[in-house]
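Given next are the chains, with one letter for each unit.
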Amino acid sequence: KEPEKITDLLLKDKHISEHIETCWGCFGTVEANILMMKQALQDPLNKKFILMSDSCIPIVSFNKFDNKIMKDDKSKIDIFYNQEQRYNHIINPSFTYDKFTKSSAQGLIFNRKHTELLVNSLLIYKDNWKNMGCVDEHYFGNILRELDSNFELNNNKNKNTFDIWEKDKIDKNSEIIFNEQSFALIKSCTNNIIDKIRDNNFLIIRKVDKNTEIDINYILN
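The model shown is predicted, which means the values in this text are computed figures rather than measured ones. (Residues numbered from 1 in each chain as written. Predicted model: local features only at pLDDT ≥ 70, side-chain atom pairs only at ≥ 80, totals over all residues. Heavy atoms only, no water.)

Peer 1: Even after reading the chapter, I still don't get the overall build of the chain, so can you show me in this structure?
Peer 2: Scanning the chain from N- to C-terminus turns up 10 helices and 8 strands. A total of 221 residues make up the chain; the buried ones form 45% of that total. Of the contacts formed within the chain by residues at least 6 apart in sequence, a portion of 66% connects residues at least 24 apart. Total accessible area on the chain stands at roughly 12800 Å², and carbon and sulfur atoms take up 49% of it. (Helix = DSSP H or I, 4+ residues; strand = E, 2+ residues; numbered from the N terminus. Buried < 20%, exposed > 50% of the residue type's maximum accessible area, 1.4 Å probe, protein only. Contact = heavy atoms within 4.5 Å. Areas by Shrake-Rupley, 256 points an atom, 1.4 Å probe, with all protein chains shown as cover.)

Here it is in structure tokens:
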């Protein structure tokens, strides 16, 4: 939303033409993502569309990442659980609470069909979801279930993204160090932990502090 501040040569002059105001957890973030999808759809060679923030990093080589997500034409969203208080903020929901789901806000992978559905339906659903907090954790999965009756068949239950909620399943000896002042961002992560996360088939680590001590060469190997 502030292209004049971009200095990274990889990103400079790559911003989309449509800019909107965004804030943490509000619908503007969802809309900004969908506007990027709209731009990406203009390239007919794009087959998969992946949402990641600046605090996400892949933990496998590009070839392994590419092979894993391109082995099929499925969209992959990490589905979790319902939250009634958030469901109650949807205006005139078209589905009942027992159908309401929560997902990770990052590491979502969409195929071209689902990306087109999300782009084309933005104006239909936008006003109904504008009052929900943390809407990026709910919108994509629930809307796709509305638009594609076979979406459950396209959804891979194996999670793509590792975040702090998975820590106790991976890190029994507290090798992961967290910056508790910043929404528990990962501050340090050893190669041993990277191996354990890889063994659990994760492709991405979420909530990585910008000063995190991590061996990039080891990840790319």
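Back to the text.
Peer 1: Any chance you could explain the packing of aromatic side chains here in plain terms?
Peer 2: Working definition: an aromatic ring pair is given by the centre-to-centre distance plus the angle between the planes. Inspection of the entire model under this criterion finds 10 aromatic pairs. Here the aromatic rings of Phe-95 and Phe-100 are separated by 6.3 Å at their centres, their planes lie at 20 degrees, and the arrangement is stacked. This pair shows no difference in class: Phe-95 is buried, exactly as Phe-100 is. Ring centres of Trp-129 and Tyr-139 lie 5.4 Å apart, and the angle between their planes is 80 degrees; on these two criteria the pair is classed as edge-to-face. (Phe/Tyr/Trp six-rings, centres within 6.5 Å; stacked < 30°, edge-to-face > 60°.)

Peer 1: Looking at this structure, how should I read the state of the cysteines?
Peer 2: Any covalent bond linking the sulfur atoms of two cysteines counts as a disulfide. For the structure on display, the rule yields 1 disulfide. The side chain of Cys-23 participates in a disulfide bridge whose partner is Cys-26; the two sulfur atoms lie 2.2 Å from each other. Given a relative accessible area of 43%, Cys-23 falls into the partly exposed group. (Disulfide = S-S within 2.5 Å.)

Peer 1: Looking at this structure, how should I read the sheet that holds strand β7 (residues 204–205)?
Peer 2: Whenever strands of a sheet pair, they do so through backbone hydrogen bonds, lying parallel or antiparallel. Ordered by their spatial adjacency, 3 strands build an open sheet running β2-β7-β4, and the pairing between neighbours is mixed. The open sheet is flanked by β2 (57–58) and β4 (161–162), the only strands paired with a single partner. Alignment of β2 against β7, held across 2 bridges, turns out to be antiparallel. Counted as the bridge partner of Ile-57 is Ile-205 from β7. (Pairing = 2+ DSSP bridges.)

Peer 1: Any chance you could explain unusual backbone geometry here in plain terms?
Peer 2: For residues that are not glycine, phi is negative in most cases, and the peptide bond is trans in most cases. The phi dihedral of Asp-13 is positive, around 65 degrees, even though this residue is not glycine. Here Asp-13 is to be found in the segment before α1 (27–40). Overall, the relative accessible area of 64% leaves Asp-13 in the exposed class. Non-glycine residue Cys-134 carries a positive phi angle of around 50 degrees. Within the secondary structure, Cys-134 is located in the loop between α5 (122–129) and α6 (139–147).

Peer 1: Which parts of the structure should I look at to understand the nonpolar core?
Peer 2: Note on soluble globular proteins: their nonpolar side chains tend to be buried together. Judged by nonpolar contacts, the single largest core of 26 residues is most densely connected at Ile-34, Met-37, Phe-110, Leu-118, Trp-129, Tyr-139 and Phe-140. Breaking this core down by element, the ones donating at least two residues are α1, β1 (48–51), β3 (108–111), α4 (112–120), α5 and α6. Each residue touching Met-37, except ones within four places of it in the same chain, is listed here: Leu-51, Phe-110, Thr-115, Leu-118, Val-119 and Phe-140. Ranked by size, the runner-up nonpolar core spans 19 residues in total, among them Cys-56, Phe-202, Ile-205 and Val-208. (Core = buried A, V, L, I, M, F, W, Y, C linked by side-chain atoms within 4.5 Å.)

Peer 1: What is the right way to read the side chain of Ser-121 from this model?
Peer 2: Considering the arrangement of structural elements, one finds Ser-121 in the loop between α4 and α5. Excluding residues that lie within four positions of it along the chain, Ser-121 makes contacts with Tyr-139, Ile-143 and Leu-147.

Peer 1: Explain the packing of α5 against α6 here, please?
Peer 2: The description of two helices packed together rests on the angle between their axes and the distance between the axes. Where α5 meets α6, the closest approach of the two axes is 12 Å, and the angle between their N-to-C directions is 130 degrees. One finds that α5 runs oblique with respect to α6. Helix-helix and strand crossings are classified by hand; for α5 and α6 the assignment is right-handed. In this structure, α5 uses Leu-122, Tyr-125 and Trp-129 to contact α6, whose residues at the interface are Tyr-139, Asn-142, Ile-143, Glu-146 and Leu-147. Its residues placed into classes, the contact of α5 with α6 shows 6 nonpolar, 1 polar and 1 charged. (Axes fitted to C-alpha atoms, helices over the stretch in contact; angles between N-to-C directions. Parallel < 35°, antiparallel > 145°, perpendicular 65-115°, else oblique. Left-handed = near helix turned anticlockwise from the far one by under 90°. Nonpolar A, V, L, I, M, F, W, Y, C, P; charged D, E, K, R; others polar.)

Peer 1: Explanation requested: the packing of α1 against α4 in the structure shown.
Peer 2: Look at α1 against α4: their axes get within 9 Å of each other, and the N-to-C directions meet at 125 degrees. When the axes of α1 and α4 are compared, the pair comes out oblique. α4 is crossed by α1, and the crossing has left-handed handedness. Counted together, Ile-34, Met-37 and Lys-38 of α1 and Thr-115, Leu-118 and Val-119 of α4 form the full contact between these two elements. Residues that form the contact of α1 with α4 fall into these classes: 4 nonpolar, 1 polar and 1 charged.

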